[in-house]
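Coordinates in review
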Amino acid sequence: MRAVIAEDSVLLRAGVVQLLRAAGMEVVAEVGDAESLLAYLAEQSGHSERSGHSERSGHGERSDGPGPSVDLVITDVRMPPSHTDEGMRAALTIRQRWPHIAVLLLSQYVEERHAAKLLSGNTRGVGYLLKDRVADVTEFIEVVQRVAAGGAALDPEVVAQLLVRRESDPLERLTPREREVLALMAEGRSNAGIGQALVVGESAVAKHINNIFAKLDLPPADLGHRRVLAVLRFLGVPG
């Protein structure tokens, strides 16, 4: 797996790079701002938008045709120059221009609107994680691998805030257990992972998920699409 890291904190960026390489992943570039991130990807696509200004790790200098030879981008939400939402805007651009690239956003604080924006389009290969999670190496690497493989991952703190905020909406039709299952779905867990977390069998998880689909009035569709619709409904994002 080939990854690009975009983080203006030199120490955190170096730490993430070290963790990924220790897990057997290849870090092809490191940048400190969103502009450099997009410029690097554009160069690798053979359509350079800016020349000579991106920080690099010394790898990934070749162009591999119509799309950059990158599997995953890990980017901070807030980066120079304004430290507001540069990373988020870059992530949305990447999702639009290079949809094959998975994107994992790192944030210092829980910002629901950023999670909602990221999941408002294609939900394959996306993640939103608080920076504190990086300290839990096993959990962090698991999330990275899940997102890179095309899954979705949402920080448990974001899920917890959404549960509190949505106490008065139609999701109240769900039982407490069904809300727990939906929250774990929003974190990107499989049926097996949900069962392990709740100490129940996969058949019980499947039953809860079918009840969630019915109570949220989700139309018949393939299972993967209905899961996405359920999570979007949970986040309050139009599906």
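For the structure itself, consult the block above.
The rules behind the values
- Residues numbered from 1 in each chain as written.
- Predicted model: local features only at pLDDT ≥ 70, side-chain atom pairs only at ≥ 80, totals over all residues.
- Heavy atoms only, no water.
- Salt bridge = Lys/Arg side-chain N within 4 Å of Asp/Glu carboxyl O.
- Helix = DSSP H or I, 4+ residues; strand = E, 2+ residues; numbered from the N terminus.
- Buried < 20%, exposed > 50% of the residue type's maximum accessible area, 1.4 Å probe, protein only.
- Contact = heavy atoms within 4.5 Å.
- Pairing = 2+ DSSP bridges.
- Right-handed = clockwise from strand over helix to strand, strands pointing away.

**Side note on the pattern of salt bridges**
Evaluated as defined, the whole model comprises ten salt bridges. Of the charged contacts, one joins E7 and K131 as a salt bridge, the two residues approaching to 3.3 Å between their closest N and O atoms. Of this pair, E7 sits in the loop between strand 1 (2-6) and helix 1 (10-22) while K131 sits in the loop between strand 5 (126-130) and helix 5 (137-148), and the two are 124 residues apart along the sequence. By relative accessible area, E7 is classed as buried at 3%. What makes K131 buried here is its relative accessible area of 15%.

**So, the environment of R78**
Mapped onto the elements, R78 comes out in the loop between strand 3 (72-76) and helix 3 (86-97). In this structure, R78 is in contact with D8, H83, T84 and E111, ignoring residues within four places of it in sequence.

**Points about unusual backbone geometry**
With omega at 5°, the peptide bond leading from P80 into P81 counts as cis. Position of P81 among the secondary structure elements: in the loop between strand 3 and helix 3. One non-glycine residue, H83, lies in the positive phi region at around 55°. The topology assignment puts H83 in the loop between strand 3 and helix 3. Unlike most non-glycine residues, V199 shows phi in positive territory, near 55°.

**Some words on the pairing of strand 3**
Along a regular strand, successive side chains alternate from one face of the sheet to the other. The buried fraction of strand 3 is high, at five of five residues. The alternating pattern of strand 3 places L72, I74 and D76 on one face and V73 and T75 on the opposite face, and all of these are buried. Sheet topology places strand 3 next to strand 4 (residues 102-107); five bridges connect them, and they run parallel. Directly across from L72, in strand 4, lies its bridge partner A102. After leaving strand 3, the chain enters helix 3 and then returns to the sheet as strand 4, a path that is right-handed.

**Re the environment of L232**
Inspection of the secondary structure assignment puts L232 in helix 10 (residues 223-235). By relative accessible area, which is 5% here, L232 ends up buried. In this structure the C-alpha to C-alpha distance between L232 and A186, which are 46 residues apart in sequence, comes to 8.5 Å.

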